[in-house]
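# Survey of secondary and tertiary structure
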Amino acid sequence: MKAIICLNGDPPSRHLAAVQTAGGYVIAADGACDYLARYGIKADCIVGDFDSFPYQMVAQCLKPTGIVCRHEPEKDYTDGQLALEKALEGHYDDIVFLGAMGGRADHQAENMRLLYEFADRCSIRAVSDGCEVSIIRDEAVICGCRGCTVSLLPYTDSARIEYSAGFKYPTVKLHLGRTESLSHSGLSNVMMGNTAFVVLSQGAVAAYVHRNTDLQ
């Protein structure tokens, strides 16, 4: 089951938001209500302290059967964490973040941490126009298209790609060091088909899949 968590980073395009939210359980975090309201997309659940979107306007982007989880501004968790908690409570195993990238750099870093923390519990990724980001902790099939640019960058201090296939430059036993200036680079490989495969034997990598059209 798929849950779409809408965050208040760089807004997705109307097309991408419509494609990703179709048929899924939509959770909006506070300021994301602004672009959902503009796009005419209704959320199943809205969470947040409503410091970025007026609480009295939530009806504009909430389904008639939807729920609102209002929190105090002084809290120990981000709106994104609270939204993710709702998705996990509903046992959704395919989770997509919209609006997770861009915006404040510290918020983006925190969203990446959430991708890392839950990468071994469910399928979880951040999707924006032209790019999809996920964290690989053991092995993964990367979905894209022929010609997509893929970067595999160390997320932990040290990572080792034991094997990869489906790329223009396949790798075997490639060490990536986040703190080593002359470490091998996993930047800008190219997919040779619609899928590629990556196996790690150590650490974790952030996978960035780029293409010219919206990822769907």
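Scroll up a little and you will see the structure.
Residues numbered from 1 in each chain as written. Predicted model: local features only at pLDDT ≥ 70, side-chain atom pairs only at ≥ 80, totals over all residues. Heavy atoms only, no water.

### Some details on helix 3 (residues 79-89)
Within helix 3, burial applies to Asp79, Gly80, Gln81, Leu82, Ala83, Leu84 and Ala87. Tucked into the core, helix 3 has its buried residues touching strand 1 (2-6), strand 2 (25-29), strand 3 (43-48), strand 5 (94-98), helix 4 (105-117) and strand 6 (123-128). His91 lies just past helix 3 and shows a positive phi near 60°. (Buried < 20%, exposed > 50% of the residue type's maximum accessible area, 1.4 Å probe, protein only. Helix = DSSP H or I, 4+ residues; strand = E, 2+ residues; numbered from the N terminus. Contact = heavy atoms within 4.5 Å.)

### As for the pattern of salt bridges
One pass over the full model with this rule turns up 11 salt bridges. In this structure, Lys63 engages Asp44 in a salt bridge whose closest nitrogen and oxygen atoms are separated by 3.0 Å. You can see Lys63 sitting in strand 4 (residues 62-70) and its partner Asp44 sitting in strand 3, a full 19 residues away along the chain. Owing to a relative accessible area of 13%, Asp44 belongs among the buried residues under this scheme. In this structure, Glu110 engages Arg113 in a salt bridge whose closest nitrogen and oxygen atoms are separated by 2.8 Å. Taken together, the residues Glu110 and Arg113, both in helix 4 and three residues apart, mark about one turn of the helix. Via salt bridges that share partners, Asp94, Arg125 and Glu132 belong to a single interconnected network. (Salt bridge = Lys/Arg side-chain N within 4 Å of Asp/Glu carboxyl O.)

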